[in-house]
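Structure at a glance
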Amino acid sequence: MQAWLFDEDGGVREHARGTAAGVALLARLGVDAGRVEIEPDADSGHHAALDALRRHYGIVHEDRVTVRPGDPAWPPLRARFLEEHTHADLELRVFVNGRGLFHVRLPAGGLAVLCSAGDWIAVPAGLAHRFDGGRLADFEALRFFSRAQGWEAQPTGAGAPTLPLLDELLAGRVTAPPAVARFA
């Protein structure tokens, strides 16, 4: 897990590398995150760590999203995920394979969280966010919700934040200024 904290102008204020540093940064901002060891082909219904998350967050609905490079369903799904939105309930996402990037709008700036296999993030109800899997997405994620309706997004209507998308981050075009502390 990696997390970048951006100022209002899109400049990097802080960069946290690794699960512990990423979780600590997110916790300061009111977003829960962590890591679970899960085998890609594991039955998610019989997994102790996932059961603990279900109980803790009161999960009543879950689904699995799998996208592979070249999937014709990805471009329209990506457009939906990239539209900044909120949910009336918590969204908990656990990455089984691949990686994805969450953007979270903050009162002053934004947050980008790069999750990979084993990482989980819990976006609180009402928090404006969006998700990117990249142009050639390759990920599998479990999505957990505290309402039976599952994924119901309410678009914010706000313009997209000036934060980098996944491909831009992976290409190394985002760097922290020398004055920004890096956490191991």
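Below: a short report on this structure. Worth saying up front: this structure is predicted, and the values here are computed from it rather than measured. Numbers given to residues run from 1 along each chain, matching the order in which its sequence is written. Under the rules for a predicted model, residues below a pLDDT of 70 receive no local features and side-chain atom pairs below 80 are neither given nor counted, while totals for whole chains, interfaces and linings still include all residues. With hydrogens and water excluded, all non-hydrogen atoms of the structure serve as input to the side-chain values.

All buried positions along helix H1 (residues 19–28) are accounted for by Ala21, Gly22, Leu25 and Leu26. What you see down the axis of H1 is that its buried residues fit within an arc of 130°, all on one side. Exposed residues pointing more than 90 degrees away from the buried face of H1 are listed as Ala20, Ala27 and Arg28. Two residues or fewer after H1 comes glycine 30, characterised by a positive phi angle close to 85°. Partly exposed describes any residue whose relative accessible area lies between the buried limit of under 20% and the exposed limit of over 50%, with all areas from a 1.4 Å probe on protein chains only and scaled to the type maximum. Helical segments are the DSSP runs of H or I of at least four residues, strand segments are the runs of E of at least two, and each set is numbered from the N terminus. Summarising the geometry, the arc corresponds to the directions from the helix axis toward the C-beta atoms.

Take the side chain of histidine 47 next. Tracing the backbone through its elements, the reader meets histidine 47 in the loop between strand S3 (32–35) and helix H2 (48–57). Given a relative accessible area of 14%, histidine 47 falls into the buried group. Excluding its chain neighbours within four sequence positions, the residues that come into contact with histidine 47 are Glu37, Ile38 and Arg54. In this analysis, two residues are considered to be in contact whenever any of their non-hydrogen atoms come within 4.5 Å of each other.

In this section: the nonpolar core. What is meant by a nonpolar core is a set of buried Ala, Val, Leu, Ile, Met, Phe, Trp, Tyr and Cys residues, joined one to another through side-chain atoms within 4.5 Å. Among the nonpolar cores identified, the biggest contains 26 residues, and Leu26, Phe102, Leu111, Val113, Ile121 and Phe139 are the most heavily contacted of them. Looking at this core, the elements that each hand over two or more residues are strand S1 (2–6), H1, strand S4 (61–67), helix H3 (74–82), strand S6 (91–106), strand S7 (109–116), strand S8 (119–123) and strand S10 (139–145). At four residues, S6 tops the list of elements feeding residues into this core. Sequence-distant contacts of isoleucine 121, defined by excluding residues within four places in its chain, comprise Leu26, Val31, Asp32, Ala33, Glu91, Leu92, Arg93, Phe102, Val113 and Cys115. Formed by 14 residues, the second largest nonpolar core is a distinct cluster that contains Val36, Tyr57, Ile59 and Leu90.

Right, let's get into H2. Along an α-helix, residues three or four apart share an orientation, since each turn contains 3.6 residues. Within the span of H2, buried status applies to Leu50, Leu53, Arg54 and Tyr57. All buried residues of H2 lie within an arc of 100° about the axis, which places them on one face of the element. Within H2, the exposed residues directed more than 90 degrees away from the buried face are Ala48, Arg55 and His56.

By salt bridge we mean one thing: a side-chain nitrogen of Lys or Arg within 4 Å of a carboxyl oxygen of Asp or Glu. If you walk through the whole model with that rule in mind, you get twelve salt bridges. Here glutamate 62 makes a salt bridge to arginine 54, at a shortest N to O gap of 2.8 Å. Exposure remark for glutamate 62: the relative accessible area of 31% places this residue in the partly exposed category. Connected via shared salt-bridge partners are Arg64, Arg68, Asp138 and Glu140.

Okay, the packing of aromatic side chains next. In this description, an aromatic ring pair is defined by two values, namely the gap between the centres and the angle between the planes. Aromatic rings from Phe, Tyr and Trp, with only the six-membered ring used for Trp, were paired whenever their centres fell within 6.5 Å, and each pair was classed as stacked if the ring planes differed by under 30 degrees, edge-to-face if by over 60, and tilted otherwise. According to the stated counting rule, one finds nine aromatic pairs in the structure shown. With a centroid separation of 6.1 Å and 70° between ring planes, the pair formed by tyrosine 57 and tryptophan 120 is classed as edge-to-face. Here tryptophan 120 lies in strand S8 and tyrosine 57 lies in helix H2, a separation of 63 residues in the sequence. Ring centres 5.3 Å apart and planes at 75° place the aromatic pair phenylalanine 131 and phenylalanine 139 in the edge-to-face group. Classification of phenylalanine 131 as buried rests on a relative accessible area of 2%. Its relative accessible area of 0% is what places phenylalanine 139 among the buried residues. Three or more aromatic residues joined by ring pairs make a cluster, and in this case those are Trp74, Phe81, Phe95, Phe102, Phe131 and Phe139. The criterion is that NZ of a Lys, or CZ of an Arg, lies within 6 Å of the ring centre and within 35 degrees of the ring normal, and then a charge sits over that ring. Cation over ring: arginine 93 sits above phenylalanine 81, and NZ or CZ is 5.5 Å from the ring centre.

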